[in-house]
Amino acid sequence: MTRVFGILLLALLTLAACTAPERTLGPDGRPLPKAYTIRTGDTGRVTYSMVDGINALRSASGAQPLTLSSELTAAAATHSRDMSLQNRPWHFGSDGSSPLQRVQRTGYAGRMLGENISETYETEVETLSAWMELPDTRAVILDPAARDVGFSWYQEPGGKIWWTLVTGG
């Protein structure tokens, strides 16, 4: 009898493990998305996912591909963190710096052309898609004069991501 009980208990535990986890539903009745977390080891994947996406869009529009610039990426990283500290997405630093000044501080030899920013919980691909929906931010991505790109983000412990993309030529 003990053996039968053990087999039944094992079968119940196995079946319990097979049930689908419950998802929390939003006010619209659809499942809420999972938080997008960028881990330290994801840096290269996220960066090149964005750069590859940009270059695919530029290729489709007849523009040259962009090269990832360490100087422009440094300017983007500084601004992403600073926007988080200010708790607002805007183009000016807490020290009053403009995008042009931040790029100059990195020693970038070219000319800064544009900056896109975003405050979101979305992935880099979703952020690029959102930028492509607006004429001003799409123009920064597809600018035929652009040759270089810098891209970075800062993710807060709660999951909010501050994205910054800078182009230069």
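Preceding this paragraph is the structure being described.
Counting restarts for each chain, with residues numbered from 1 along the sequence as it is written. With pLDDT at 70 or above as the cut-off, local features in this predicted model cover only qualifying residues; side-chain atom pairs require 80 or more to be listed or tallied, and sums for whole chains, interfaces and linings still use all residues. Heavy atoms throughout the structure, all of them, feed into the side-chain values; hydrogens and water do not.

**Side note on the side chain of Ser69**
We count it as follows: What counts as a helix is a DSSP run of H or I of at least four residues, what counts as a strand is a run of E of at least two, and both are numbered from the N terminus. The rule is simple: take the accessible area with a 1.4 Å probe, protein chains only, and divide by the maximum for that residue type; under 20% is buried, over 50% is exposed, in between is partly exposed. Contact criterion: two residues are considered in contact whenever any of their non-hydrogen atoms come within 4.5 Å of each other.
If you trace the backbone, Ser69 turns up in the loop between β1 (67–68) and α3 (70–86). Given the relative accessible area of 6%, Ser69 is considered buried. Leaving out residues up to four positions away in the same chain, Ser69 has contacts with Tyr108, Asp148, Val149 and Gly150.

**Points about the nonpolar core**
We apply this condition: By nonpolar core we mean a set of buried residues, namely Ala, Val, Leu, Ile, Met, Phe, Trp, Tyr and Cys, connected to one another through side-chain atoms within 4.5 Å.
Counting residues in each nonpolar core, the largest one holds 19 residues, and the members touching the most others are Ile54, Trp163 and Leu165. Elements that contribute at least two residues to this core include exactly α2 (43–60), α5 (124–133), α6 (135–142), β3 (148–155) and β4 (161–168). By residue number, the principal contributor to this core is α2, which donates four residues. Contact partners of Ile54, with chain neighbours within four places excluded, come to Leu66, Leu128, Ile141, Val149 and Leu165.

**Quick look at the sheet that holds β1**
Here is the rule: Two strands qualify as a pair provided DSSP detects at least 2 bridges between them. Each axis is a line fitted through C-alpha atoms, taken for helices only over the stretch in contact, and angles between the N-to-C directions span 0 to 180 degrees.
If you trace the four strands from one edge of the open sheet to the other, you get β1-β3-β4-β2, paired in mixed fashion. Each of the sheet's edge strands pairs with one partner strand only, and the pair in question is β1 and β2 (112–120). In the packing of α5 onto the sheet, the strands contacted are β2, β3 and β4, and the crossing angle to β2 comes to about 120°. Across the sheet, α6 lies against β2 and β4, angled at about 130° from β2, the strand it touches most.

**Let's talk about the packing of aromatic side chains**
The test is simple: Between 30 and 60 degrees the pair is tilted, below 30 it is stacked and above 60 it is edge-to-face, where a pair is any two Phe, Tyr or Trp rings, Trp via its six-membered ring, whose centres lie within 6.5 Å. A ring is scored as having a charge over it whenever the NZ atom of a lysine or the CZ atom of an arginine sits within 6 Å of its centre and within 35 degrees of its normal.
Throughout the structure, instances matching the rule amount to four aromatic pairs. Against the face of Trp90 rests Arg88, its NZ or CZ located 3.9 Å from the ring centre.

**Some thoughts on the packing of α2 against α5**
Our working definition: For classification purposes, an angle smaller than 35 degrees is called roughly parallel, one larger than 145 roughly antiparallel, one from 65 to 115 roughly perpendicular, and anything else oblique. Each crossing gets its hand from how the near helix is turned against the far one by less than a right angle, where anticlockwise is left-handed and clockwise is right-handed. Gly is placed with the polar residues, together with every amino acid not listed as nonpolar (Ala, Val, Leu, Ile, Met, Phe, Trp, Tyr, Cys and Pro) or charged (Asp, Glu, Lys and Arg).
Where α2 contacts α5, the two axes come as close as 9 Å, and the packing angle between them is 30°. Between α2 and α5, the interaxial angle falls into the category roughly parallel. Read as a crossing pair, α2 and α5 show a hand that is right-handed. Residue-level contacts link Arg45, Val46, Ser49, Met50, Gly53, Ile54 and Leu57 of α2 to Glu124, Val125, Leu128, Trp131 and Met132 of α5. Its residues assigned to classes, the contact of α2 with α5 comprises eight nonpolar, two polar and two charged.

**As for the pairing of β2**
In terms of burial, β2 is largely enclosed, as seven of its nine residues are buried. Here eight bridges tie β2 to β4, and the two strands are oriented antiparallel to one another. Bridge assignment links Glu119 to a residue of β4, and that residue is Trp162.

**Regarding unusual backbone geometry**
Unusually for a residue other than glycine, Asn87 sits at a positive phi of about 55°. Within the secondary structure, Asn87 is located in the loop between α3 and α4 (99–105).

**Regarding the pattern of salt bridges**
The following threshold applies: The working definition used for a salt bridge is a side-chain nitrogen of Lys or Arg within 4 Å of a carboxyl oxygen of Asp or Glu.
For the structure shown, the criterion picks out five salt bridges. When the shortest N-O distance is used, the salt bridge between Arg45 and Asp42 registers 3.8 Å. For Glu115, the salt bridge is made with Arg102, and the minimal N-O distance between the two is 3.0 Å. Residue Glu115 is found in strand β2, and its partner Arg102 is found in helix α4; the two are separated by 13 residues along the sequence. Accessibility assignment for this pair places Glu115 and Arg102 in one class, buried. By sharing partners, the salt bridges in this structure join Asp42, Arg45 and Glu124 into a single network.

Note that all results are geometric; they support no functional claim without further evidence.
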